[in-house]
Amino acid sequence: FELPGKINTINVDEGEMVTEGQILAELDTETLNAQRNAIAARLDQANAVLDELNAGPRLEKIEAARATMTAAKSQFDNAFSNWKRREKAYESNAISNEEIDQARFAKATAQANLEAAQQQLSELEAGTRKEQLVGQESVVKQLEAEANEIEVAIAKSQLVAPFAGTVTRRYLDPGSVAAASGPVVKLVEQQHLEAWIGLPVDIVAQLEIGDQHDILIGGNSFEGEVLAKISELDPT
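All values reported here derive from a predicted model rather than from experimental measurement. (Residues numbered from 1 in each chain as written. Predicted model: local features only at pLDDT ≥ 70, side-chain atom pairs only at ≥ 80, totals over all residues. Heavy atoms only, no water.)

Undergrad: Would you take a moment to explain the sheet that holds strand 3 (residues 23-27) for this structure?
TA: Across a sheet, paired strands are connected by hydrogen bonds in the backbone, their directions being either parallel or antiparallel. Taken in spatial order, the four strands of this open sheet run 4-3-1-6, and their pairing is antiparallel. Each having just a single partner strand, strand 4 (158-160) and strand 6 (177-178) make up the two edges of the open sheet. By the bridge criterion, three bridges tie strand 3 to strand 4 in an arrangement that is antiparallel. Bridging across to strand 4, Ile23 finds its partner in Val160. (Pairing = 2+ DSSP bridges. Helix = DSSP H or I, 4+ residues; strand = E, 2+ residues; numbered from the N terminus.)

The following block contains the structure:
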């Protein structure tokens, strides 16, 4: 495996024949699946926000903000009128300091609420700002990259036979922790075998790439083709 992890299943045993692409073993992916589901949920939410930003504010939302602003304006007008009346009364010593302070505070609060409502309405009427779209698009791309990383890790949790052959050794069992690049099974190819043969220089000179020759190994004859000639002398 390229990544370390606990082995969940080993699908072959020693002596079994396997085909190219067959899954030999798999790592436990419970944690990766949970991470994938969490990222998928966050990605759906981020895409929904992006769609909303692209579509811009809805008309009913703008109308609601306009109604809020109108109500805030009415409250401010009332608070302002009340403050003006109490200010005249205060100048004639008809009310106390506490009452005029309350009127001033009520006017200031109403004015702040009105300004906030006006700001919100202005933003909705102006539509989505470019920096908002760029920022949300970056969030979506980041989550997509995280999702791809998880998918790659899940794909790498499967150990696949690179060629057809026979399993001659199994080093680990289910439940064992496999190290990255550590051996899990030993697979010997039964087809397309290659033989490295040392020959005298004068014999090698007579061979040509593509020549067909019989190779005798242990009394058995195999048909062979010369694939390459390597100019390297064995010191022994």
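Undergrad: What exactly am I supposed to notice about the packing of helix 1 (residues 30-55) against helix 4 (residues 130-155) here?
TA: In a pair of packed helices, the angle between the axes and the distance between the axes together describe the arrangement. Here helix 1 crosses helix 4 at 160°, and the two axes come no closer than 9 Å. The angle between helix 1 and helix 4 falls in the class roughly antiparallel. Once helix 1 is placed against helix 4, the crossing between them reads as left-handed. Of the residues in the contact of helix 1 with helix 4, the class split is 15 nonpolar, six polar and six charged. (Axes fitted to C-alpha atoms, helices over the stretch in contact; angles between N-to-C directions. Parallel < 35°, antiparallel > 145°, perpendicular 65-115°, else oblique. Left-handed = near helix turned anticlockwise from the far one by under 90°. Nonpolar A, V, L, I, M, F, W, Y, C, P; charged D, E, K, R; others polar.)

Undergrad: For this particular structure, what's the right way to read helix 4?
TA: Since the α-helix packs 3.6 residues into each turn, any two residues three or four apart lie on the same face. With 26 residues, helix 4 extends 37 Å from end C-alpha to end C-alpha; this agrees with the ideal 38 Å at 1.5 Å per step. Taken as a whole, helix 4 has its buried residues at Gln136, Val140, Leu143, Ile150, Ala153 and Ile154. On its buried face, helix 4 is in contact with helix 1 and strand 4. (Expected span 1.5 Å × (residues − 1). Buried < 20%, exposed > 50% of the residue type's maximum accessible area, 1.4 Å probe, protein only. Contact = heavy atoms within 4.5 Å.)

Undergrad: Just checking my understanding: could you explain the pattern of salt bridges for this structure?
TA: A pair can form between side chains of opposite charge whenever their charged atoms are brought close. Within this structure, the stated rule accounts for eight salt bridges. A salt bridge links Arg104 to Asp101; the nearest nitrogen and oxygen atoms lie 3.1 Å apart. With Arg104 and Asp101 both in helix 3 (residues 97-126), this residue pair falls three residues apart, about one helical turn. Among the residues examined, Asp101 registers a relative accessible area of 43% and is labelled partly exposed. Across the pair Asp173 and Arg170 runs a salt bridge whose closest N-O atoms are separated by 2.6 Å. Residue Asp173 is classed as partly exposed on the basis of its relative accessible area, which comes to 41%. Given the relative accessible area of 23%, Arg170 is considered partly exposed. (Salt bridge = Lys/Arg side-chain N within 4 Å of Asp/Glu carboxyl O.)

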